[in-house]
Amino acid sequence: MKGKIVLLGTSSAVPTKERNNSSVYLKYKGEAFLFDCGEGTQRQIITADLNMYRINHIFISHLHSDHVLGLPGLIQTIDFLGEKEKLYVHGVKGTKEKGECLLKGSIYESEMETVFLEYENSNEPFVLVDKEEYQVKGISLNHVVDCFGYSFEEKPKVVFDKEKIKKLNLTDKDFINLKNKGFTEKEGKVIKLEEISTEKKGFKFTYIPDTYRTENIKKLAKNSDVLVIECTYLDEEDKAKKYKHLTLEYILEIYPLLDCKKIILTHFSRRYKNLNEFRRKIEEKGYKNILLGKDFLTIEF
Ligand SMILES: [Zn+2]
Ligand SMILES: [Zn+2]
């Protein structure tokens, strides 16, 4: 197991007995990432037996309270018990101002530096974190305020064709050339990397929080292994349009275009006493890889 995704909150606007406000925890090897941080997120992390000190990056989708009010508590606890020098909080324009305001809401001597990083709106995916093994990208969504969706994607792995390598008698020097230049020369012949290898797609996770219909969902989420997507309403299109959220009906409509292995719905309005009607509509379509999210639902990969 390389990692896991844990839903920490699946309610929209206000928490309920069963559902906390939005947050998704992603563990990848020795690191962890948090997507949104609704009120009570640190308690959810503790209840789920997850490690909050592994979190180096928090990605905030937008500045509505159900997505950010958990920040001060969580940051102070990480600072209090950890030995972390820096914690990065990424988000839309205004995240620094609101984030610092939240941190100043109580008497607290910080040891750790919280670095707020803000990004311009973009209708094409842009890179926020670029590491040797993975990238985190963002894209603007269509909510009543500026809002980003995020994806975490492992970089493709180069898989060598062992037979061909044996035949060509490649040395360590050849492999250094292939890595740095994409080709090597052997007995006067040029051997390109793509001739002796194939690329294996890495794991991709996408988080699409509060939004109304937009092409950008597909641009970011296509080919994800796991997509966590807001589904505030069942089919109340007038409400969805007014408050800029998604309906299950729309998600089922765009389902064939997304090509995702697993889709987890979240951010349900508390107007629904149960989600039976959601379940029925999904079953009617026969889409077995759409799951109704609930707090602490865990997907390992
Ligand atoms: Zn929300
Ligand atoms: Zn919102």
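Residues numbered from 1 in each chain as written. Chains lettered and ligands numbered in written order. Predicted model: local features only at pLDDT ≥ 70, side-chain atom pairs only at ≥ 80, totals over all residues. Heavy atoms only, no water.

Draft legend 1. Just the overall build of the protein, in detail. Along the protein, the regular secondary structure elements total eleven helices and 18 strands. In terms of overall dimensions, the protein has a C-alpha envelope of 70 × 55 × 35 Å along the principal axes. Relative to its 301 residues, the protein shows a buried fraction of 51%. Counting only contacts in the protein whose residues sit at least 6 apart along the sequence, the fraction spanning at least 24 positions is 64%. As presented, the protein carries roughly 15,600 Å² of accessible surface, and 48% of it is formed by carbon and sulfur atoms. Here the protein holds 50 positive side-chain charges and 48 negative ones, and the gap between their average locations is 4 Å. (Helix = DSSP H or I, 4+ residues; strand = E, 2+ residues; numbered from the N terminus. Buried < 20%, exposed > 50% of the residue type's maximum accessible area, 1.4 Å probe, protein only. Contact = heavy atoms within 4.5 Å. Areas by Shrake-Rupley, 256 points an atom, 1.4 Å probe, with all protein chains shown as cover. Lys, Arg positive; Asp, Glu negative; His and termini not counted. Charge placed at Lys NZ, Arg CZ, Asp CG, Glu CD.)

Draft legend 2. Quick look at the sheet that holds strand β3 (residues 31-35). Strand order in the open sheet formed by seven strands is β6-β5-β4-β3-β2-β1-β18, with mixed pairing between adjacent strands. Two strands bound the open sheet, and with one partner strand each, they are β6 (113-119) and β18 (298-300). Each neighbouring strand pair of the sheet contributes to a mean axis angle of 15°, computed without reference to strand direction. Sheet topology places β3 next to strand β4 (residues 55-59); four bridges connect them, and they run parallel. (Pairing = 2+ DSSP bridges. Axes fitted to C-alpha atoms, helices over the stretch in contact; angles between N-to-C directions.)

Draft legend 3. Molecular detail of the pattern of salt bridges. With the rule as written, the count across this model stands at 17 salt bridges. Here E154 and K157 are joined by a salt bridge, their closest N and O atoms 3.8 Å apart. The class for E154 is buried, based on a relative accessible area of 2%. With a shortest N-O distance of 3.6 Å, K218 and E215 are connected by a salt bridge. (Salt bridge = Lys/Arg side-chain N within 4 Å of Asp/Glu carboxyl O.)

Draft legend 4. Local environment of the coordination of the zinc ion (ligand 1). On the protein side, the zinc ion (ligand 1) has D66 (OD), H67 (NE2), D210 (OD) and H267 (NE2) as donor atoms, found 2.2 Å from it. Around the zinc ion (ligand 1) sit four donor atoms; with metal-centred angles ranging over 92 to 161°, the donor geometry is irregular. Separating the zinc ion (ligand 1) from the zinc ion (ligand 2) is a distance of 3.6 Å, and D210 supplies a donor atom to each of them. Using a relative accessible area of 8% as the deciding quantity, one classes D66 as buried. (Donors = N, O, S within 2.8 Å, 3.2 Å for Na, K, Ca; no water. Tetrahedral: all angles 85-135°; square planar, octahedral: opposite > 155°, others 65-115°.)

Draft legend 5. Quick peek at the layout of surface pockets. Quantified by volume, the largest pocket comes out at close to 380 Å³. As for the largest pocket, its lining consists of E132, E133, K155, P156, K157, V158, F160, F175, L178, K179 and L193. Elements supplying a minimum of two residues to the lining of the largest pocket: β10 (157-160) and α6 (172-181). Its residues placed into classes, the lining of the largest pocket shows six nonpolar, no polar and five charged. (1 Å grid on protein atoms, 1.4 Å probe; cavity = no way out; pocket = protein on both sides within 12 Å on 5 of 7 lines; lining within 4 Å. Points joined across faces, edges and corners; volume = space filled by probe spheres on them. Nonpolar A, V, L, I, M, F, W, Y, C, P; charged D, E, K, R; others polar.)

Draft legend 6. View of the pairing of strand β11 (residues 183-186). Alternating residues of β11 divide into T184 and K186, all buried, and F183 and E185, none buried. Across four bridges, the pairing between β11 and strand β12 (residues 189-192) is antiparallel. Bridged to K186 within β12 is K189.

Draft legend 7. Focus on the coordination of the zinc ion (ligand 2). Coordination of the zinc ion (ligand 2) by the protein is provided by H62 (NE2), H64 (ND1), H143 (NE2) and D210 (OD), with metal-donor distances spanning 2.2 to 2.3 Å. One can describe the donor arrangement at the zinc ion (ligand 2) as irregular, given that its four donor atoms subtend angles of 90 to 168° at the metal.

Draft legend 8. Spotlight on the environment of Y119. With respect to the helices and strands, the residue Y119 is situated in strand β6. The exposure class of Y119 is buried, given its relative accessible area of 16%. Each C-alpha atom, one on Y119 and one on V145, is 14 Å from the other, the two residues being 26 residues apart in sequence. Within polar-contact distance, the side chain of Y119 engages the side chain of H90 at 2.7 Å. (Polar contact = N/O pair within 3.5 Å; in protein donor to acceptor, adjacent residues only side chain to side chain.)

Draft legend 9. Inspection of the nonpolar core at higher detail. Counting residues in hydrophobic clusters, the biggest one holds 33 residues, and the most contacted among them are I217, I229, I263, L265 and F278. Among the elements of the structure, α8 (215-221), β15 (226-230), α10 (248-258), β16 (262-266), α11 (276-285) and β17 (290-292) are those that each provide at least two residues to this core. Here I229 is in contact with I208, I217, L246, I251, I263, I264, L265 and T266, once residues within four sequence places are set aside. Core analysis: the next-biggest nonpolar cluster, separate from the first, contains 27 residues, I5, L7, F33 and F59 among them. (Core = buried A, V, L, I, M, F, W, Y, C linked by side-chain atoms within 4.5 Å.)

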